[in-house]
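Coordinate analysis (summary)
Each chain, written out:
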Amino acid sequence: MPLHIPPAPAPALRSVLTALGSPTAVHEARTPALRAAQGPATPELPLPVHVLDRITAQGLSATRLAGWRFLIRCGDRAVAAAETMLTPDGWAFSHFFEGPYVASTERALEQAEALPQPYQARLLSVPGLYMLTLWLHGERSGDGTGGHPAAGDLLVPLAPAPPGIPAHRPFRVAELLPVLTHRATPLPLLGSPALGSPA
């Protein structure tokens, strides 16, 4: 079933194209694969990056749109990614990067294309767990910037995933959120009011 990739804001795409055309921006990036790439490099597969800032003990989550990420393709593979961020003047290029999340994102998108149900592709970052997931949102008509993870949405942890959470296995939000809640909720310290003070 075709995966819906929401269109990125035009200024975000323009900022990435400008950076790709700037020898200084490419040279200063810590991306040897991008610097060594032969042939044209093109930004593809724009994904809105949402951040899961808060997971409460009740499992309630708050997300916010933090940026748009583009995979930078050269030839037949993605060699890096470009991140954009929202500034007071609008969308602007932030930085290039490479590493395991680039190939893992590409693989997860290919997995999602094979699913029987159509989804909208997004990225969901969980900073508190150093975790990034491909968020497959059931509402495909939006622009990818709003909404929150619904119980029936899928989250595909990207590699490297936190210990005990398998990468590239699709989880329903209702299945994975309790695990994340447990991991993200700090245990009360011995002697804290939650446990009662020692006598």
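The present account deals with the structure reproduced in this document. (Residues numbered from 1 in each chain as written. Predicted model: local features only at pLDDT ≥ 70, side-chain atom pairs only at ≥ 80, totals over all residues. Heavy atoms only, no water.)

1. As for the overall build of the protein chain
On a plain count of helices and strands, the protein chain comes out with five helices and eight strands. Reading the protein chain from its N end, one meets helices and strands in the order α-α-α-β-β-β-β-α-β-β-β-β-α. Taking contacts inside the protein chain between residues at least 6 apart in sequence as the whole, the part at least 24 apart equals 53%. In the structure as shown, the protein chain presents an accessible area of about 10,400 Å², 60% of it carried by carbon and sulfur atoms. (Helix = DSSP H or I, 4+ residues; strand = E, 2+ residues; numbered from the N terminus. Contact = heavy atoms within 4.5 Å. Areas by Shrake-Rupley, 256 points an atom, 1.4 Å probe, with all protein chains shown as cover.)

2. So, the side chain of S125
Position of S125 among the secondary structure elements: in strand β5 (residues 120–126). Those residues in contact with S125 that lie beyond four places of it in its chain are H50, V51, L52, M131 and L132.

3. Considerations on the nonpolar core
Judged by nonpolar contacts, the single largest core of 21 residues is most densely connected at L3, L109, L123, L134 and L136. Going through the elements one at a time, β1 (41–55), β3 (77–87), α4 (100–113), β5, β6 (131–137) and β7 (154–157) are the ones with two or more residues in this core. By residue number, the principal contributor to this core is α4, which donates four residues. Those residues in contact with L3 that sit more than four places away from it in its chain are L109, A112, E113, Y119, A121 and L136. Within the second largest apolar cluster, 16 residues are counted, among which are V16, V26, A82 and F96. (Core = buried A, V, L, I, M, F, W, Y, C linked by side-chain atoms within 4.5 Å. Buried < 20%, exposed > 50% of the residue type's maximum accessible area, 1.4 Å probe, protein only.)

4. Some remarks on the packing of aromatic side chains
Here the structure, examined in full by the defined rule, presents one aromatic pair. Here the aromatic rings of F93 and F96 are separated by 4.7 Å at their centres, their planes lie at 55°, and the arrangement is tilted. The class of F93 is partly exposed, set by a relative accessible area of 22%. Residue classification places F96 among the buried residues on the basis of a relative accessible area of 6%. (Phe/Tyr/Trp six-rings, centres within 6.5 Å; stacked < 30°, edge-to-face > 60°.)

Limitation: the analysis is restricted to geometry and does not speak to function.
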